[in-house]
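# Observations on the model geometry
Listed below, chain by chain, are the residues.
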Amino acid sequence: MYSLVEPEPAHQRQCVLKELFVSPRHRSQGIGLALMQWVARYALDNGCGRIDWSVKSSNARGIAFYKSLGARLVGDRLSFRMVRDDIGALTAR
């Protein structure tokens, strides 16, 4: 993805991680780390200056995991969502 908000070359290309899920019975076995390392390698290989993703505020274990990787919470961002009915209503305006 290319950023229109941050046009500096170092931030222009971004990798957006939509979902990362490891089933409960496979957690704490290094699978999440391996997946995130793959994403990081993909981002570097494709010239991305950053990786962005969202996490539920109630997911304390996930937040701790991401922080252990060196990720930082982005304090000035909120996550928004529109579902099919909302999307349809917007197109009908």
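Residues numbered from 1 in each chain as written. Predicted model: local features only at pLDDT ≥ 70, side-chain atom pairs only at ≥ 80, totals over all residues. Heavy atoms only, no water.

## What to know about the confidence of the model for the protein chain
Of all residues in the protein chain, 87% have pLDDT values of 70 or greater, and the mean over the chain is 87. When mean pLDDT is compared element by element in the protein chain, helix H2 (residues 31-45) scores highest at 95, while helix H1 (residues 9-12) scores lowest at 62. (pLDDT = per-residue confidence, 0-100. Helix = DSSP H or I, 4+ residues; strand = E, 2+ residues; numbered from the N terminus.)

## Observations regarding the pattern of salt bridges
If you walk through the whole model with that rule in mind, you get two salt bridges. Measuring nitrogen to oxygen at the nearest pair gives 3.5 Å for the salt bridge that ties Asp45 to Arg41. Placement of both Asp45 and Arg41 in helix H2 is noted, with a separation of four residues, approximately one turn of the helix. Classification of Asp45 as exposed rests on a relative accessible area of 56%. Among the residues examined, Arg41 registers a relative accessible area of 48% and is labelled partly exposed. Here Arg50 makes a salt bridge to Asp52, at a shortest N to O gap of 2.7 Å. With a relative accessible area of 21%, Asp52 lands in the partly exposed category. (Salt bridge = Lys/Arg side-chain N within 4 Å of Asp/Glu carboxyl O. Buried < 20%, exposed > 50% of the residue type's maximum accessible area, 1.4 Å probe, protein only.)

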